[in-house]
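So you can see what is in the structure, the chains are spelled out below.
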Amino acid sequence: MLFRKIREMEFPAVGMGTSRTFDVDDSIPEVFSVRNKIVEECQNNGVTLVDSSPMYGNAEKVLGLAIQENDPSKFQIATKVWTTGYRSGLDQIDNSFSLLKTEYIHILQIHNLVDWKTHLPTLTGLKDEGKIGLVGLTCMTPSDYPEMMNIMKTGKIDSIQIPYNVINTRVESDVLPLAESMEIGVLVMEPLQKGKYVKDLRVSPDLGPLSDLGIKTWAQALLSWVISNEVITSAIPATSNPKRIKENSLGAIQMPKELRGFVKRETERCI
Ligand SMILES: NC(=O)c1ccc[n+]([C@@H]2O[C@H](COP(=O)([O-])OP(=O)(O)OC[C@H]3O[C@@H](n4cnc5c(N)ncnc54)[C@H](OP(=O)(O)O)[C@@H]3O)[C@@H](O)[C@H]2O)c1
């Protein structure tokens, strides 16, 4: 696994998201056991950064239970606050600690900038108390990027989470240069465009030019493309299939510039 730093903390270049994939009924053994296996595969393959949110239904609970079944000390947990109001924010964060069965959250993010003016002092306070490691923001709508960048400029933000992939390169013009200049970490949501650029291709992409790098699948090519921008800390693809964790972990490969160009042209040809 390739590692990247935010402040003094190291994170794997490929982590895992839990939107939709972990919003399942934990009381059904055959359903929970698949999520448990996914988390076990994360542990075995260095995919130790796991991202969730109170917005994702039962995901925080299922993730917390599965981490307990494995070795909790191996994982770095990112989650979010997604509500309005001071008291409601505190209650939601308390609930996340409880569902995730942890006393420390590595990255706590304000989900889609919701009520950020209220939550930012709360998160800064939790960081000062040592209950969280980093203060983050997530933002997925380009019309909100100017507001996100203004919050980044307060100097109180350690990480952002934005969509970035071989076709959606909107953040390259302004968001990523600002993150780089302020040494703000960048987590990448939707690195596979919700799976579309792997599962919905019209024709099969040519993996030939990537074989010397050790890239064997198109998902690996797309993840390698994302994390080869060195401003990126970690891409966090979600999956409901335990076998894909190892596959995705092997996408944590630094790719030369000319091959990034090839992966982009090849994706455009195949979609
Ligand atoms: N505003 C926000 O804060 C925000 C918004 C969006 C996302 N996020 C975070 O970012 C994470 C990732 O985004 P996302 O889940 O929307 O999109 P994504 O990671 O781009 O795509 C997930 C989809 O890709 C498929 N997939 C994963 N690995 C694969 C592989 N090796 N081969 C083929 N298909 C593969 C999965 O299907 P299978 O289940 O079949 O593997 C899944 O349906 C989320 O889970 C969440 O944690 C945050």
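Residues numbered from 1 in each chain as written. Predicted model: local features only at pLDDT ≥ 70, side-chain atom pairs only at ≥ 80, totals over all residues. Heavy atoms only, no water.

**Describing the overall build of the protein chain**
Rule in force here: The numbering of helices and of strands both runs from the N terminus, where a helix is a DSSP run of H or I of at least 4 residues and a strand a run of E of at least 2. Radius of gyration: over C-alpha atoms. The globule rule applied is 2.2 Å multiplied by the number of residues raised to the 0.38 power. For every residue, the accessible area (1.4 Å probe, protein chains only) is compared with the maximum for its type, and the residue is labelled buried under 20%, exposed over 50%, or partly exposed between those bounds.
Assigned secondary structure in the protein chain consists of 10 helices and 10 strands. Here the C-alpha atoms of the protein chain give a radius of gyration of 18 Å, agreeing with the 18 Å that 2.2 N^0.38 yields for 271 residues. Principal axes of the C-alpha set define a box for the protein chain whose edges measure 55 × 45 × 30 Å. Counting all 271 residues of the protein chain, 54% fall into the buried class.

**Concerning the side chain of glutamate 190**
Its location among the elements puts glutamate 190 in the loop between β9 (185–189) and α7 (196–199). Under the relative-accessibility criterion, glutamate 190 is labelled buried at 18%.

**Some thoughts on the sheet that holds strand β3 (residues 16–17)**
Paired through their backbone hydrogen bonds, the strands of a sheet run either parallel or antiparallel. Threshold: A pair of strands is considered paired only if DSSP assigns at least 2 bridges between the two. In this description, contact between two residues means that some pair of their heavy atoms is separated by no more than 4.5 Å. Only the stretch in contact is used when a helix axis is fitted, and all axes are lines through C-alpha atoms; the angle between N-to-C directions ranges over 0 to 180 degrees.
Strand order in this open sheet of eight strands is β3-β4-β5-β6-β7-β8-β9-β10, and the pairing throughout is parallel. Of all strands in the sheet, those with a lone pairing partner are β3 and β10 (234–235), marking the two edges. As paired elements, β3 and strand β4 (residues 49–51) share two bridges and run parallel to each other. Residue pairing for β4: glycine 17 is matched across the bridge by aspartate 51. Here helix α4 (residues 116–128) sits on the sheet in contact with β5 (76–81), β6 (105–110) and β7 (132–138), set at roughly 160° to β7.

**Re the site of the ligand**
For the record, the criterion: One heavy atom within 4 Å of a molecule or strand makes the whole residue count as near it. N or O atoms within 3.5 Å of each other form a polar contact, as long as, within protein, one can give a hydrogen and the other can take it, and as long as residues adjacent in sequence are counted only when both atoms are side-chain atoms. Residue-level accessible areas treat just the shown protein chains as cover; the underlying method is Shrake-Rupley with a 1.4 Å probe. Each residue is assigned to one of three groups, with Ala, Val, Leu, Ile, Met, Phe, Trp, Tyr, Cys and Pro labelled nonpolar, Asp, Glu, Lys and Arg labelled charged, and all others, Gly among them, labelled polar.
In the vicinity of the ligand lie 30 residues, with Asn112, Lys199, Thr239, Ser240 and Arg244 positioned nearest. At 3.1 Å from an oxygen atom of the ligand is found a main-chain nitrogen or oxygen belonging to glutamate 190. Between the ligand and the protein, one listed contact pairs an oxygen atom with a backbone N or O atom of lysine 194 at 3.0 Å. Contact with the protein chains hides 92% of the accessible area of the ligand, taken as 900 Å² for the molecule alone. Broken down by secondary-structure element, the contributors of at least two residues to the shell around the ligand are α7 and α9 (243–249). Top element by residues in the shell around the ligand is α9. It accounts for three residues. Across the shell around the ligand, the residue classes break down as 10 nonpolar, 12 polar and eight charged.

**Brief notes about the nonpolar core**
We count it as follows: In plain words, nonpolar cores are sets of buried Ala, Val, Leu, Ile, Met, Phe, Trp, Tyr and Cys residues tied together by side-chain atoms within 4.5 Å.
Of all hydrophobic cores here, the largest spans 76 residues; its most connected members are Met148, Ile160, Ile162 and Val263. Element by element, the count of residues in this core is highest for helix α8 (residues 218–227), at seven residues. Contact partners of methionine 148, with chain neighbours within four places excluded, come to Leu113, Leu137, Cys139, Ile160, Ile162 and Val175. Grouped together as the second largest cluster of nonpolar side chains are nine residues, Ile6, Met9, Phe11 and Ile107 included.

**Some remarks on the packing of helix α3 (residues 86–99) against α4**
Between two packed helices, both the angle of their axes relative to each other and the distance between the axes serve to describe the pair. Convention followed: Orientation categories follow fixed angle ranges, with anything under 35 degrees roughly parallel, anything over 145 roughly antiparallel, 65 to 115 roughly perpendicular, and all other angles oblique. Left-handed describes a crossing in which the near helix is turned anticlockwise from the far one by less than a right angle; the clockwise case is right-handed.
In contact at an axis separation of 9 Å, α3 and α4 are set at 45° when each is read in the N-to-C sense. Taken together, the axes of α3 and α4 are oblique relative to one another. The handedness of the crossing between α3 and α4 comes out as right-handed. Of the residues in α4, those touching α3 at Tyr86, Gly89, Leu90 and Ile93 are Thr118, His119, Thr122, Leu123 and Leu126. For the contact of α3 with α4, the per-class residue count stands at five nonpolar, four polar and no charged.

**What about helix α1 (residues 29–44)?**
The following threshold applies: The span expected for a helix works out to 1.5 Å for each residue beyond the first.
Along its 16 residues, α1 runs 22 Å from first to last C-alpha, staying within 8% of the 22 Å computed at 1.5 Å per residue. Here α1 has its buried residues at Phe32, Arg35, Asn36, Ile38, Val39, Glu41 and Cys42. Buried residues belonging to α1 abut β3, α2 (59–69) and α9. Residue glycine 46 follows α1 closely and has a positive phi angle near 75°.

**Some words on the packing of aromatic side chains**
Operational definition: Only centres within 6.5 Å qualify two rings of Phe, Tyr or Trp (six-membered ring in Trp) as a pair; their planes then separate them into stacked at under 30 degrees, edge-to-face at over 60, and tilted for everything else. Think of it as a cone above the ring: NZ of Lys or CZ of Arg counts as a charge over the ring if it is within 6 Å of the ring centre and within 35 degrees of the ring normal.
Overall, the coordinates contain one aromatic pair when judged by the stated rule. On the basis of an interplanar angle of 45° and a centroid distance of 5.1 Å, the ring pair of tyrosine 164 and tryptophan 225 is categorised as tilted. Here the residue tyrosine 164 occupies a position in the loop between β8 (159–163) and α6 (175–181), and tryptophan 225 occupies one in helix α8, the gap between them amounting to 61 residues. Given a relative accessible area of 0%, tyrosine 164 falls into the buried group. Arginine 260 extends its terminal NZ or CZ atom over the ring of tryptophan 225, reaching a point 4.0 Å from the ring centre.

**Brief notes about α2**
Within α2 the residues assigned to the buried category are Ala59, Glu60, Val62, Leu63, Gly64, Ala66 and Ile67. On the buried face of α2, the contacting elements are α1, β4, β5 and α3.

By themselves, these observations are geometric and do not establish any function.
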